[in-house]
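# An overview of the molecular structure
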Amino acid sequence: MAIALLALEARSREAEPQKHWLNSEKAPCRKWHGVNYGNRFIPEDWMRHPYNFFQPVRRSARRAALWDLKGPEAKQRMMSWLDATILENHFAEMKTMGVEVLRVPCGYWNWVTYAHDDGPEVSGVYATGPIRDRLKNLHRIASPREYRQYFDKIFDFAERHGIQILLDLHAVPGSQNGEIHSGVCIESNEDEHHRHLGFFQCQANLRMAVNAVREMARYGRSKRNLFGIQVISEPHLHTDEGHAYLQSYYQQAILAAREFLDSSVPIVLFEWTYEMLKWDDDAFPESTYGRVCWDTHLYHFPAPGEKWTSENNGLEQAKQAYSWDLQQLRQFARAQGRDRVFVGEFSLAGPSLKASETKDFAAWLVEQMDFACGGSMLWSYDNRITAWSLQRQWQELGLNWRSLWAESDGAFLEGPMVGFRAAAFGTWLRATEKGAVEADAPEHSWWEEWVPYTYRVQGRQKLALRSAAFGTWLSVTREGEVVQSNDRSAWEEFSVLSHSDHESRGRRISLQSFHGSWLAVRRFRPNDRLLLSAAYSIHDTEVTTTWLVT
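Residues numbered from 1 in each chain as written. Predicted model: local features only at pLDDT ≥ 70, side-chain atom pairs only at ≥ 80, totals over all residues. Heavy atoms only, no water.

If you check an unreviewed UniProt entry, the protein appears there as glucan 1,3-beta-glucosidase from Durusdinium trenchii. As stated in UniProt under Subcellular location (unreviewed entry), the record for the protein gives "Cell membrane". Note on the protein: under the UniProt heading Catalytic activity (unreviewed entry), the record states "Successive hydrolysis of beta-D-glucose units from the non-reducing ends of (1->3)-beta-D-glucans, releasing alpha-glucose." (UniProt positions renumbered as here; feature names shortened; annotations may be inferred.)

The following block contains the structure:
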């Protein structure tokens with residue numbers, strides 16, 4: 001049902017800013033920003049920076065992957081690559097660019113190995129074929145001890161430049177998805193779409209992955225700049241059985257890491273946006289598991305034959321492509337804790353925009369992700385392709401990530417989510433999917449939650465309200481209509497009048513808009529819908545301008 005603003009001529013009634021619920025004792029959600037140090041321990045064929053790692057490696061599948069390295073020259077190729085790609089000047093540059101956390105993708109073979117001729121388990125018709133043998137190539141390249149010096153370098157360089165490290169188990173035994181970023185390229189020959197296959201879903205591979213997490217934690221416990229340990233990246237386990245298996249792995253991996261790490265150190269899990277609703281609220285309670293965080297990845301590209309360009313409104317098309325994922329992310333972060341969910345990978349790939357609009361796209365993505373959750377990390381630090389490279393974006397586009405991340409942190413204080421109930425009617429203020437705002441919701445749920453932001457204008461405290469469900473702002477037009485706005489300006493700004501009611505402790509309020517009118521609700525007759533109109537006085541007994549904040 002419709003809601004509008006009662007544009008009342010009540011400017012004689014001064015709306016003074018108050019404290020109480022606006023100044024919650026709960027600390028604002030901490031935002032972390034950073035980048036991935038991709039293409040180091042698991043080189044990817046498409047990145048080719050600073051040179052093509054796989055030239056002239058002979059590939060065994062459609063795409064080259066790390067498991068194609070074999071023979072006595074494999075170790076030298078890998079060690080030379082790490083020497084060339086892990087440099088202290090990278091960390092100095094990252095710090096200049098505003099990086100706080102560096103996510104370091106690595107494989108299980110960097111931490112554990114197999115004895116004799118053993119290797120990851122492979123099931124079904126593939127159990128005795130070449131896939132099983134190729135998987136063994138990964139742990140035969142070098143021993144965990146030989147990789148250790150490179151992790152030491154990363155932690156040492158990062159500490160000197162004030163950067164924290166998230167160790168990410170990017171590849172697990174048998175592969176969680178069959179993709180090149182897990183060190184392999186395993187594809188089904190049964191269809192033309194080259195469907196990827198992974199073989200992580202068996203107990204032997206799970207145990208080995210848990211051991212890898214345990215060793216990562218054992219190593220990381222002495223590192224003062226360890227941000228956390230991530231136990232998997234991008235698993236393709238989409239069945240109910242796969243979900244149950246993943247849940248079991250997460251439980252075991254967290255507890256293995258806790259053998260060495262304090263409960264305050266994050267253990268990071270992964271979930272896709274389209275699988276998030278499968279998890280219970282607070283799925284891994286801190287009382288049992290310590291601090292547990294969640295990573296997800298957001299990427300969107302035009303459909304085949306389409307382009308998102310500046311000439312065809314490509315920026316808006318790109319924003320629309322991300323809208324569903326962002327809503328899922330907001331809802332999941334509400335369920336697990338906004339400071340416990342982040343986007344571990346995103347990029348500027350997809351749109352083909354002019355430099356100015358690319359900067360706008362970057363700013364929009366960062367702001368949207370920061371509102372939805374606890375921050376984001378770009379893929380990757382360096383790359384031959386600008387849309388995937390923090391370094392090239394800074395150098396070629398003049399994209400100042402430090403400034404973007406600082407702007408997203410903002411000059412205003414974000415409070416915990418609240419709801420607004422019309423005092424006279426007991427119904428709730430809510431945003432709708434079609435961009436309207438209503439005041440007749442009978443119950444308080446996610447759709448009726450708003451995130452308050454406080455800030456000062458000419459020394460006076462102001463309030464802005466943002467829909468938790470949609471990320472839009474409560475806005476008032478000159479004509480008295482209450483709507484949702486995608487952007488925040490003066491029209492999305494309110495002053496707060498707190499009513500002197502001892503029992504409500506400052507939670508009975510009225511909201512005065514930028515135009516001097518008051519947010520109000522009116523019902524003409526008992527069975528009528530709730531309406532607002534600009535024609536009524538604030539003293540009208542059938543109108544309420546009082547809201548209870550919950």
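### Some details on the overall build of the protein
Summing up its helical and strand segments, the protein has 11 helices and 21 strands in all. Relative to its full complement of 550 residues, the protein shows a buried share of 58%. Within the protein, contacts between residues separated by at least 24 positions form 73% of all contacts whose residues are at least 6 apart in sequence. Accessible surface computed for the protein: about 23,600 Å², of which carbon and sulfur atoms make up 46%. (Helix = DSSP H or I, 4+ residues; strand = E, 2+ residues; numbered from the N terminus. Buried < 20%, exposed > 50% of the residue type's maximum accessible area, 1.4 Å probe, protein only. Contact = heavy atoms within 4.5 Å. Areas by Shrake-Rupley, 256 points an atom, 1.4 Å probe, with all protein chains shown as cover.)

### Quick word on the packing of aromatic side chains
Under the definition given, this model contains 38 aromatic pairs. Taken together, a centroid distance of 5.1 Å and an interplanar angle of 70 degrees make the contact between phenylalanine 53 and tryptophan 81 edge-to-face. Linking phenylalanine 53 in the loop between strand 1 (32-36) and helix 1 (73-85) with tryptophan 81 in helix 1, this pair joins segments that are 28 residues apart in sequence. Between tyrosine 249 and tyrosine 250 the ring centres are 6.1 Å apart and the planes differ by 45 degrees, which places this aromatic pair in the tilted class. The same class applies to tyrosine 249 as to tyrosine 250, namely buried. (Phe/Tyr/Trp six-rings, centres within 6.5 Å; stacked < 30°, edge-to-face > 60°.)

### Digging into the packing of helix 5 (residues 203-220) against helix 6 (residues 240-258)
Viewed as axis vectors pointing N to C, helix 5 and helix 6 meet at an angle of 30 degrees, and their least axial separation amounts to 8 Å. Taken together, the axes of helix 5 and helix 6 lie roughly parallel to each other. Our pair here, helix 5 against helix 6, has a crossing hand that is right-handed. Along its contact with helix 5, which presents Gln203, Leu206, Ala209, Val210, Val213, Arg214 and Ala217, the element helix 6 presents Tyr245, Tyr249, Gln252, Ala253, Ala256 and Ala257. Taken together, the residues that form the contact of helix 5 with helix 6 break down as 10 nonpolar, 2 polar and 1 charged. (Axes fitted to C-alpha atoms, helices over the stretch in contact; angles between N-to-C directions. Parallel < 35°, antiparallel > 145°, perpendicular 65-115°, else oblique. Left-handed = near helix turned anticlockwise from the far one by under 90°. Nonpolar A, V, L, I, M, F, W, Y, C, P; charged D, E, K, R; others polar.)

### Quick word on the environment of tyrosine 381
As for its placement among the helices and strands, tyrosine 381 is situated in the loop between strand 8 (375-378) and helix 10 (390-396). Distance from tyrosine 381 to asparagine 39, taken between C-alpha atoms, is 9.5 Å for residues 342 residues apart in sequence. In this structure, tyrosine 381 is in contact with Val35, Asn36, Tyr37, Arg40, His90, Glu93, Met94, Ser389, Leu390 and Gln391, ignoring residues within four places of it in sequence.

### A few points about the confidence of the model for the protein
Chain-level statistics for the protein give a pLDDT mean of 90 and a share of 89% at 70 or above. Across residues 1-19, where pLDDT falls below 50, the model places 81 contacts with residues more than four positions away in sequence or in other chains. Scored below 50 in pLDDT, residues 532-537 shows 22 contacts in the model against residues more than four places distant or in partner chains. (pLDDT = per-residue confidence, 0-100.)

### Things to note about the side chain of threonine 309
Within the secondary structure layout, threonine 309 lies in the loop between strand 6 (292-297) and helix 8 (314-336). Residue class for threonine 309 comes out buried when judged on its relative accessible area of 15%. Setting aside chain neighbours within four positions, we find threonine 309 in contact with Gly314, Ser352 and Leu353.

### Digging into the nonpolar core
Within the largest apolar cluster, 121 residues are counted, with the highest numbers of intra-cluster contacts made by Phe41, Tyr147, Leu167, Tyr249, Tyr250, Phe284 and Trp401. Here this core takes 9 residues from helix 5, the largest share from any one element. Judged by nonpolar contacts, the second largest core, of 31 residues, contains Phe371, Ala422, Val437 and Phe470. (Core = buried A, V, L, I, M, F, W, Y, C linked by side-chain atoms within 4.5 Å.)

### Here's the deal with helix 4 (residues 144-160)
Along its 17 residues, helix 4 runs 25 Å from first to last C-alpha, staying within 8% of the 24 Å computed at 1.5 Å per residue. The complete set of buried residues in helix 4 reads Pro144, Glu146, Tyr147, Tyr150, Phe151, Ile154, Phe155, Phe157 and Ala158. The secondary structure elements touched by the buried residues of helix 4 are helix 1, helix 2 (88-96), strand 2 (101-107), strand 3 (164-171), helix 5 and strand 4 (226-230). Where helix 4 ends, the next residue or the one after it, glycine 162, has phi of about 70 degrees, a positive value. (Expected span 1.5 Å × (residues − 1).)

### Re the pattern of salt bridges
Under the defined criterion, the tally for this structure stands at 28 salt bridges. Close ionic contact of aspartate 382 with arginine 40 constitutes a salt bridge, the shortest N to O distance being 2.8 Å. Here arginine 40 lies in the loop between strand 1 and helix 1 and aspartate 382 lies in the loop between strand 8 and helix 10, a separation of 342 residues in the sequence. With relative accessibility at 2%, the residue arginine 40 sits in the buried group. In this structure, glutamate 88 engages arginine 160 in a salt bridge whose closest nitrogen and oxygen atoms are separated by 2.8 Å. Here glutamate 88, found in helix 2, pairs with arginine 160, found in helix 4; they are 72 residues apart in sequence, far enough to count as distant. A relative accessible area of 56% means that arginine 160 is categorised as exposed. Here the residues in one salt-bridge network are Arg103, Asp168, Asp295 and Glu345, joined through shared partners. (Salt bridge = Lys/Arg side-chain N within 4 Å of Asp/Glu carboxyl O.)

### Here's the deal with helix 6
Here helix 6 is 19 residues long and its end C-alpha atoms lie 27 Å apart, about the 27 Å a rise of 1.5 Å per residue gives. Those residues of helix 6 not exposed but buried are Gly242, His243, Tyr245, Leu246, Tyr249, Tyr250, Ala253, Ile254, Ala256, Ala257 and Arg258. Of the surrounding secondary structure, the elements contacted by the buried residues of helix 6 are strand 3, helix 5, strand 5 (267-270), helix 7 (286-289) and strand 6.

### Observations regarding the pairing of strand 4
Regular strands place their side chains on alternate faces of the sheet. A large share of strand 4 lies buried, amounting to 5 of its 5 residues. Sheet topology places strand 3 next to strand 4; 4 bridges connect them, and they run parallel. Residue leucine 166 lies in a different strand from strand 4, and its bridge partner there is glycine 228. Both strand 4 and strand 5 contribute to a ladder of 2 bridges, which runs parallel. (Pairing = 2+ DSSP bridges.)

### Observations concerning the side chain of threonine 273
If you trace the backbone, threonine 273 turns up in the loop between strand 5 and helix 7. For threonine 273, the side chain forms a polar contact with the side chain of aspartate 325, separated by 2.4 Å. (Polar contact = N/O pair within 3.5 Å; in protein donor to acceptor, adjacent residues only side chain to side chain.)

### Section: unusual backbone geometry
Of note, the bond from histidine 49 into proline 50 is cis; its omega dihedral lies within 30 degrees of zero at 5 degrees. Proline 56 follows glutamine 55 through a cis peptide bond whose omega is 5 degrees. Even without a glycine there, the phi angle at arginine 48 is positive, about 50 degrees. For arginine 48, the location among the structural elements is in the loop between strand 1 and helix 1. With a phi angle near 65 degrees, asparagine 313 is a residue other than glycine that sits in the positive phi range. Within the fold, asparagine 313 resides in the loop between strand 6 and helix 8.

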